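Coordinate inspection notes
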Amino acid sequence: SAVISQKPSRDICQRGTSLTIQCQVDSQVTMMFWYRQQPGQSLTLIATANQGSEATYESGFVIDKFPISRPNLTFSTLTVSNMSPEDSSIYLCSVHYTEAFFGQGTRLTVV
Amino acid sequence: GENVEQHPSTLSVQEGDSAVIKCTYSDSASNYFPWYKQELGKRPQLIIDIRSNVGEKKDQRIAVTLNKTAKHFSLHITETQPEDSAVYFCAASLSLGGNQFYFGTGTSLTVIP
């Protein structure tokens, strides 16, 4: 199994500012996945973070808006940049072993 | 890419009855199909999964069936209990490891005591 520590658990931010979300895994993993879950909705993949290379973004998500760092095999950050109220959502990181494990999520509210 | 559809979006059952949630997928190359339960304010948790070389898998009150030909799979919960109330997501993937999951839209299950 994997234990993922994600922080912050929640935040309220002013529009136009940026928030960086951190995920720490208790073991080394090649890929980490970042998802967005809007209220009452399913999980949408934002990007896949591979250590040592640039993240791969899904359609509709761009690096300038959601820059990702992956400095080592146990850690990753997702930044939500120049936030607007439409960015209010839950953001989750995930790793895949014998199953997919998720961080506890970051509930972001942009006002 | 893969497209996963899930039905119904909401489901209410009486305690003790069975609940069935169905998903279809589009990519015949997908070979791993997990089901996740997400309680309010919590992270998704795996409840059962099935691989494409198996037609059915059961774990106590929970079972999953897979029809590769028709590209659909279903979650069956028997003898439902109030603590089964949650949102359930199906997903499809090209195995695990570095492959992303494509999630269904979710089913909000309410078990009425």
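Report on the accompanying structure. (Residues numbered from 1 in each chain as written. Chains lettered and ligands numbered in written order. Predicted model: local features only at pLDDT ≥ 70, side-chain atom pairs only at ≥ 80, totals over all residues. Heavy atoms only, no water.)

1. Thoughts on the interface of chain A and chain B
The partner chain B presents 19 residues to the 20 residues of chain A that form the contact. When chain A packs against chain B, the two sides together hide about 1,500 Å² of surface, and 55% of this comes from carbon and sulfur. Applying the counting rule to chain A against chain B returns zero salt bridges. Counting across the chain A and chain B interface gives four residue pairs in polar contact (both at pLDDT 80 or more). Counting residues per element, the ones that place at least two in the side of chain A that touches chain B are β4 (31-37), β5 (43-50), β9 (89-96) and β10 (100-102) of chain A. The biggest single contributor to the side of chain A that touches chain B is β4 of chain A, with four residues. Split into classes, the residues belonging to the side of chain A that touches chain B amount to ten nonpolar, seven polar and three charged. (Contact = heavy atoms within 4.5 Å. Buried area = accessible area lost by both parts, 1.4 Å probe. Salt bridge = Lys/Arg side-chain N within 4 Å of Asp/Glu carboxyl O. Polar contact = N/O pair within 3.5 Å; in protein donor to acceptor, adjacent residues only side chain to side chain. Helix = DSSP H or I, 4+ residues; strand = E, 2+ residues; numbered from the N terminus. Nonpolar A, V, L, I, M, F, W, Y, C, P; charged D, E, K, R; others polar.)

2. Quick word on the state of the cysteines
Here the structure, examined in full by the defined rule, presents two disulfides over all chains. Each sulfur in the disulfide pair Cys23 of chain A and Cys93 of chain A lies 1.7 Å from the other. The sign of the S-S torsion, about -80 degrees, decides the handedness of the disulfide formed by Cys23 of chain A and Cys93 of chain A: left-handed. Placement of the pair is Cys23 of chain A in strand β3 (residues 19-25) and Cys93 of chain A in strand β9, with a sequence separation of 70 residues. We note that Cys23 of chain A, like Cys93 of chain A, is buried. The disulfide partner of Cys23 of chain B is Cys90 of chain B, and the S-S distance across this bridge is 1.9 Å. The sign of the S-S torsion, about -100 degrees, decides the handedness of the disulfide formed by Cys23 of chain B and Cys90 of chain B: left-handed. (Disulfide = S-S within 2.5 Å. Buried < 20%, exposed > 50% of the residue type's maximum accessible area, 1.4 Å probe, protein only.)

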